[in-house]
Structures are given as structure tokens and as C-alpha cells.
Amino acid sequence: MPLLVAPALPAGSLAAQEQPHLPVRPGLALRPWHDHDAPAVRAAFDCPVIQRWHVRRLDSDDEARSWTAQWAGRWRDESAASWAVVDADDRPVGQVGLRDVLLTEASAQVSYWVVPAARGRGIATGALLAMTRWAFTRGGFHRLALEHSTGNAASCRVAARTGFTEEGVARGSVRHADGWHDMHRHARLVTSMTAGRQ
């Protein structure tokens, strides 16, 4: 059954280019994940807050290496992307990424986390803004969506600071370890860039 509209992003839009390195601010940047980042990722997922909101943990170095290794393939198959948020010494202090990429709609879901020692410095906000700028100006995306538990006030603050407008609440839509959570839904459109919002 043929589509009556052409895909908003043709196949190969991501895979034809290298995943970019993106500046955030002095001493902070986004880059693709490397195998040697696995210990930092395992340590990050030892954090109870990251486990709570991302609903997963890593139990071994092998699992952490698999986590870092998956992203090159997911970039190539254009299903997702993830960047390490790194400090001036190239040490990962967080993650920002695109999930559920739909080339047909030029859309994706965003995700982010920051390690405990790096919180409170605007790192998630800066990283999400840098990735959003790239997604809209170079990546060709039309819409980025963001969803977080209504209990996750910190994530809601990041969404607000980065111009992701709240669109509503999806009741009981995601199951966490403590049961079903209502989820705030936020989104940005590429038109927010042309309207002057960064």
C-alpha cells in the first residue's frame, strides 16, 4: 500500500553522514560513544535516580560495553542516536540522544541523563539545546518530543528551559518499578528555531 506523501527525511539522511561532534560550551561537548566509556556508563547506571527514571541497570562490564557499542549500528540503521556528554578531559558526565527515529515523519523522542557529580550545572540543558540545534538545522528533523514521569520535576525543568512546550499528560502510560506513572509530554518543532528560540 503506497504512501501518499514522500518521507519527510529520505532513507540515508543520517547514515550517509558521520555522527557529528557538537560543542556545548567551553569545557563541554557531545561526541559518539567509545568502547572505553563503558566503565563510566556502568557507574552512571549504578545511580538510583538514573535507574528509577530510565528503568534499567547494568550489572557487568560486558553489559556496559554492549550499551556503548550499540549506538554505531543504531546510527547506521537510522533508528536512534546517542551522544556522550563529555567534559574538558573527554570524560563522560552525561548522555543525550534521539530515540524512536521516524524518517517518514522527521521526528524522534529525546532522552538525557547526567551523572550525580555533574548535576546542578546546567549540563542537561546545554546538551539538549546543542543536540536540538543540530537536529533541526543539520539533521533535517521536523519534531522532537520529550516524555517524563510527572514525578520527575528535574526533567520537567530541563524541558521548560530548552523550549519543549508541554502538550499534556498521558495517564498511566509508562510502568516504573513502583507502578504506572502519568507522563508529561513536551515537544519542539523546527519552526521554534526560525521563530528565534534556540
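Up top you'll find the structure we're talking about.
Here is what the cut-offs are and how they apply
Residues numbered from 1 in each chain as written. Predicted model: local features only at pLDDT ≥ 70, side-chain atom pairs only at ≥ 80, totals over all residues. Heavy atoms only, no water. Buried < 20%, exposed > 50% of the residue type's maximum accessible area, 1.4 Å probe, protein only. Helix = DSSP H or I, 4+ residues; strand = E, 2+ residues; numbered from the N terminus. Pairing = 2+ DSSP bridges. Right-handed = clockwise from strand over helix to strand, strands pointing away. Polar contact = N/O pair within 3.5 Å; in protein donor to acceptor, adjacent residues only side chain to side chain. Salt bridge = Lys/Arg side-chain N within 4 Å of Asp/Glu carboxyl O. Contact = heavy atoms within 4.5 Å. Axes fitted to C-alpha atoms, helices over the stretch in contact; angles between N-to-C directions. 1 Å grid on protein atoms, 1.4 Å probe; cavity = no way out; pocket = protein on both sides within 12 Å on 5 of 7 lines; lining within 4 Å. Points joined across faces, edges and corners; volume = space filled by probe spheres on them. Nonpolar A, V, L, I, M, F, W, Y, C, P; charged D, E, K, R; others polar.

Caption draft 1: Representation of the pairing of strand E5 (residues 107-114). In terms of burial, E5 is largely enclosed, as seven of its eight residues are buried. If you look at the hairpin formed by strand E4 (residues 92-102) and E5, you'll find four residues sitting between the two strands, and Ala-106 has a positive phi there, around 50°. Pairing of E5 with strand E6 (residues 143-149), which is carried by three bridges, proceeds in the parallel orientation. Among the inter-strand pairings, Ala-108 is bridged to a residue of E6, identified as Leu-144. Note on the crossover from E5 through helix H4 (residues 123-137) to E6: the handedness is right-handed.

Caption draft 2: Region of the structure containing the environment of Ala-88. Relative to the elements of secondary structure, Ala-88 occurs in the loop between strand E3 (81-87) and E4. Between the C-alpha atoms of Ala-88 and Cys-47, which are 41 residues apart in sequence, the distance is 23 Å.

Caption draft 3: Representation of the environment of Asn-152. Tracing the backbone shows Asn-152 in the loop between E6 and helix H5 (153-161). Sequence separation between Asn-152 and His-184 is 32 residues, and the spatial gap between their C-alpha atoms is 9.3 Å. Within polar-contact distance, the side chain of Asn-152 engages the backbone nitrogen of Ser-155 at 3.1 Å.

Caption draft 4: How the structure looks around the pattern of salt bridges. Taken as a whole and assessed by the stated rule, the structure comprises ten salt bridges. A salt bridge links Arg-52 to Asp-178; the nearest nitrogen and oxygen atoms lie 3.8 Å apart. Here Asp-178 lies in the loop between strand E7 (165-176) and strand E8 (179-189) and Arg-52 lies in helix H2 (residues 48-54), a separation of 126 residues in the sequence. Given the relative accessible area of 43%, Arg-52 is considered partly exposed. Overall, the relative accessible area of 55% leaves Asp-178 in the exposed class. Each of Arg-31, Asp-37 and Asp-90 takes part in a single network of salt bridges with overlapping partners.

Caption draft 5: The environment of Pro-116, seen in detail. You can see Pro-116 is positioned in the loop between E5 and H4. On a C-alpha basis, the gap between Pro-116 and Cys-47 in space is 7.4 Å, while along the polypeptide they are 69 residues apart.

Caption draft 6: Spotlight on unusual backbone geometry. With a phi close to 60°, Glu-78 is a non-glycine residue in the positive phi region. Topologically, Glu-78 is positioned in the loop between helix H3 (61-76) and E3. Given a relative accessible area of 9%, Glu-78 falls into the buried group. Phi at Asp-100 is positive, roughly 50°, even though this residue is not glycine.

Caption draft 7: Fine view of the side chain of His-176. Along the polypeptide, His-176 turns up in strand E7. Judged by relative accessible area, His-176 falls into the buried class, the value being 6%. Apart from the residues lying within four places of it in its own chain, the contact partners of His-176 are Arg-52, Trp-53, Val-55, Ser-149, His-181 and Met-183.

Caption draft 8: Summary view of the sheet that holds strand E2 (residues 28-31). With mixed pairing, the eight strands of this open sheet are ordered in space as E1-E2-E3-E4-E5-E6-E8-E7. Unpaired on one side and paired on the other, strand E1 (22-25) and E7 mark the two borders of the sheet. Strand-to-strand, the axes of this sheet are offset by a mean angle of 25°, without reference to chain direction. Docked against the sheet, H3 engages E3, E4 and E5, running at close to 130° with respect to E3.

Caption draft 9: Up close: the layout of surface pockets. Looking at the largest pocket, its volume works out to about 1,200 Å³. Forming the walls of the largest pocket are 42 residues, and the residues nearest its centre are Trp-53, His-54, Ser-111, Tyr-112 and Trp-113. For the lining of the largest pocket, the elements supplying multiple residues, two or more each, are H2, H3, E4, E5, H4, E6, H5 and E7. By residue number, the principal contributor to the lining of the largest pocket is E5, which donates six residues. For the lining of the largest pocket, the class distribution of residues is 19 nonpolar, 13 polar and ten charged. Approximately 180 Å³ is the volume attributed to the second largest pocket.

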